[in-house]
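What the coordinates show
In case you want the letters, here they are:
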Amino acid sequence: MQIPFHKSYITEDEITAVTDTLRSGWITMGKKTREFENSFSEYLGVKNSVSFNSGTAALHLALKVLNIKEGDEVMLPAMTFAATSEVITYFNAKPVFIDVDKNTHLMDVNKIEEKITNKTRAIIPVHYAGQPCDMEEVLDIAKRKDLFIVDDAAHSLPSWYKKKIIGSISHITCFSFYATKTITAGEGGMAVTQNDDWAERMRLLRLHGLSKDAWKRYSDRGNWEYDVVEPGYKYNTTDMNSALGIEQLKKVEDMWKKREKIAAKYNDAFKINDIIIPYSVKNDRVSSWHLYPIKLMLEALSIDRNHFIDELQQRGISTSVHFIPLYRFSCYRNVDNSIDKFPGCEWVFDRIISLPIFPAMTDDEINYVIENVIDIAGKNKR
Ligand SMILES: *Cc1c(COP(=O)(O)O)cnc(C)c1O
């Protein structure tokens, strides 16, 4: 059996929606994009949704409208995707990495305050794998220290922290619609906020700083004239991508329930195994189950994580590792971060493997993954 790490859940609905847009005569940002933004706001119960051509672009302009500047410091977990950190460097600001908790792989909120300086401006919590970060603690620190919170919610559509949906808690929350994420638009991102001024400025900046969206410019009500209010970026999405996003958003909870079922099966299968540590989510929160990262009890094994991944691959099971801690990358060696300062990340990184978890996975595929993980563990006991 061959099981990919991920397979997008694309049906005739998506194909029809995209081809209809192609036939409509308007393919770049326009009506479909507005519709996607409106549906997104409605789903999350937020005031403003601003779409982008990537989640990274959304994160960049979120920090921009909060006036992050050269020399500022922005905190983020050390175990996240490169994008969370790179957007901070766009401003010549400094990413300050925080160690993660061994069980949840979430930013260890007890380690934030010791790293706050008079240059700290913002915190970027990442809801790793879909599990919401400890937001009560983050909100408390941000309030006391007067910091902004920009959520990297690339994994967490939909996730809930103490019954509040992620997207409704922080100053600005950024989602991603990259091909492997919980819903996809091919590529794309969305920044959501209750603040109208920030939303308006993100809308301007995502399209060169033009005072009017292109579709307004060329509609009957518009004209050829526009102003450039502030030099901006080319970060808009297209109606083709948005048409895809609209159809995917309609299925967001259906796909989530399918992943949740797979996660429950994995949890059940691995909780009785003394070598595989299942992924645990705290009971005051609900995960989107974007990822399912197991950890290996290396102490009980004669092989390491990489070898375990090779064994799975030989049996046709593709997996991944989320994530290589940021301080390990050569581009961050000059940031004063070293391996010994991140015992949580190092411990987790040595042990994690993300198993396939995608909506269309069949019971046979799920069972095949479970059987082989347990078999490899059993055959390689120390
Ligand atoms: C995917 C991802 C992003 C970036 O999203 P893009 O849409 O690919 O730009 C940011 N942060 C995390 C944690 C991600 O997994």
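Quick summary incoming for the structure in this document. (Residues numbered from 1 in each chain as written. Predicted model: local features only at pLDDT ≥ 70, side-chain atom pairs only at ≥ 80, totals over all residues. Heavy atoms only, no water.)

1. Describing the overall build of the protein
Here is the rule: A run of H or I in DSSP becomes a helix once it reaches four residues, and a run of E becomes a strand once it reaches two; helices and strands are each numbered from the N terminus. Note on method: radius of gyration uses C-alpha positions; expected globular size equals 2.2 Å times residues raised to 0.38. Three labels apply to residues, based on accessible area from a 1.4 Å probe with only protein chains included: buried if under 20% of the type maximum, exposed if over 50%, partly exposed otherwise in between.
Check the secondary structure of the protein and you find twelve helices and 13 strands. For 382 residues, the compact-globule estimate of 2.2 N^0.38 gives 21 Å, and the C-alpha radius of gyration of the protein, at 21 Å, lies within 12% of that figure. Projecting the C-alpha coordinates of the protein onto the three principal axes gives extents of approximately 75 × 55 × 35 Å. Expressed as a percentage of its 382 residues, the buried residues of the protein come to 55%.

2. Quick notes on the packing of aromatic side chains
Filter applied, for reference: Two rings belonging to Phe, Tyr or Trp (six-membered ring only in the last case) form a pair when the distance between their centres is within 6.5 Å. Interplanar angles under 30 degrees mark stacking, angles over 60 mark edge-to-face geometry, and anything in between is tilted.
In this structure the tally under the stated criterion is 16 aromatic pairs. Residues Trp160 and Trp256 carry aromatic rings whose centres are separated by 5.0 Å and whose planes lie at 45° to one another, so their mutual orientation is tilted. With Trp160 in strand 6 (residues 160–161) and Trp256 in helix 9 (residues 252–271), the pair connects residues that are 96 residues apart, well separated along the chain. On the accessibility criterion, Trp160 (17% relative accessible area) is buried. What makes Trp256 buried here is its relative accessible area of 10%. With a centroid separation of 6.3 Å and an interplanar angle of 85°, the aromatic rings of Tyr279 and Trp289 are classed as edge-to-face. With a gap of ten residues between them, Tyr279 in the loop between strand 10 (276–277) and strand 11 (285–286) and Trp289 in the loop between strand 11 and strand 12 (292–296) connect regions that are remote in the sequence. You can call Trp289 buried: its relative accessible area is 7%.

3. Focus: the packing of helix 9 against helix 12 (residues 363–379)
Formally: Between N-to-C directions, angles cover 0 to 180 degrees, with each direction set by a line fitted to C-alpha atoms, over the stretch in contact for helices. Angles are sorted into four bins: roughly parallel if under 35 degrees, roughly antiparallel if over 145, roughly perpendicular if 65 to 115, and oblique for all others. Handedness of each helix crossing follows the sense of rotation of the near helix against the far helix: counterclockwise by less than a right angle gives left-handed, clockwise gives right-handed. The contact rule is simple, with two residues in contact once any of their heavy atoms fall within 4.5 Å. Charged residues are taken to be Asp, Glu, Lys and Arg, nonpolar residues to be Ala, Val, Leu, Ile, Met, Phe, Trp, Tyr, Cys and Pro, and polar residues to be all remaining types, Gly included.
Their axes nearest at 11 Å, the elements helix 9 and helix 12 cross at an angle of 30°. In terms of orientation, helix 9 lies roughly parallel with respect to helix 12. Of the two possible hands of crossing, helix 9 and helix 12 adopt the one that is right-handed. For the pair formed by helix 9 and helix 12, the contact residues are Ile262, Lys265, Tyr266, Ala269 and Phe270 on the first element and Asp363, Ile366, Val369, Ile370, Val373 and Ile374 on the second. By residue class, the composition of the contact of helix 9 with helix 12 is nine nonpolar, no polar and two charged.

4. Overview of the side chain of Arg259
Counted only if it meets this: In this charge count, Lys and Arg are treated as positive and Asp and Glu as negative; neither His nor the chain ends contribute. Any carboxyl oxygen of Asp or Glu within 4 Å of a side-chain nitrogen of Lys or Arg constitutes a salt bridge here.
With respect to the helices, strands and loops of the structure, Arg259 is situated in helix 9. No salt bridge forms around the buried Arg259; measuring N to O, its nearest opposite-charge neighbour Glu260 is 9.3 Å away. Residues contacting Arg259, with those up to four places away along its chain left out, are Leu157, Pro158, Thr182, Ser288, Trp289, His290, Ile357 and Pro359.

5. A word on helix 4 (residues 82–89)
Along helix 4, the residues classified as buried are Ala83, Thr84, Ser85, Val87 and Ile88. In this fold, the buried residues of helix 4 make contact with helix 3 (55–65), strand 2 (73–77), strand 3 (94–98) and strand 5 (148–152).

6. Description of the pairing of strand 5
Applied cut-off: Two strands are counted as paired when DSSP detects at least two bridges linking them. With its strands directed away from the observer, a crossover is right-handed exactly when the path from the first strand over the helix to the second travels clockwise.
Counting buried positions along strand 5 gives four out of five residues, so the element sits mostly inside the fold. The sheet contact formed by strand 4 (residues 120–123) and strand 5 spans two bridges and is parallel. The partner of Ile123 across the bridge, within strand 5, is Ile149. After leaving strand 4, the chain enters helix 5 (residues 135–145) and then returns to the sheet as strand 5, a path that is right-handed.

7. Thoughts on the site of the ligand
Quick reminder of the rule: A cutoff of 4 Å decides nearness: a residue is near a molecule or strand if any of its heavy atoms lies inside that distance of it. Counting of polar contacts relies on pairs of N or O atoms within 3.5 Å, with two restrictions inside protein: one atom must be capable of donating a hydrogen and the other of accepting it, and residues adjacent in sequence are counted only when both atoms are side-chain atoms. For the area figures, the Shrake-Rupley method with a 1.4 Å probe applies, and any residue is considered shielded solely by the protein chains shown.
For the ligand, the set of nearby residues contains 14 residues, the closest of which are Thr56, Asp152, His155, Ser176 and Lys181. At 2.7 Å from an oxygen atom of the ligand is found a side-chain nitrogen or oxygen belonging to Ser176. With respect to the ligand, the side chain of Lys181 contributes an N or O atom lying 3.1 Å from an oxygen atom. Contact with the protein chains hides 92% of the accessible area of the ligand, taken as 380 Å² for the molecule alone. When contributions to the shell around the ligand are tallied by element, the ones reaching two or more residues are helix 3 and helix 4. Within the shell around the ligand, the residues separate by chemical class into four nonpolar, eight polar and two charged.

8. A closer look at the state of the cysteines
Heads up, the rule is: Throughout, disulfides are identified as pairs of cysteine sulfur atoms within 2.5 Å of each other.
Counting across every chain of the model gives zero disulfides. Looking at Cys133, it has no disulfide partner, and the nearest cysteine sulfur is the one in Cys345, 13 Å off. Between Cys331, a free cysteine, and Cys345, which holds the nearest cysteine sulfur, the sulfur-to-sulfur gap is 15 Å. Judged by its relative accessible area of 53%, Cys331 is exposed.

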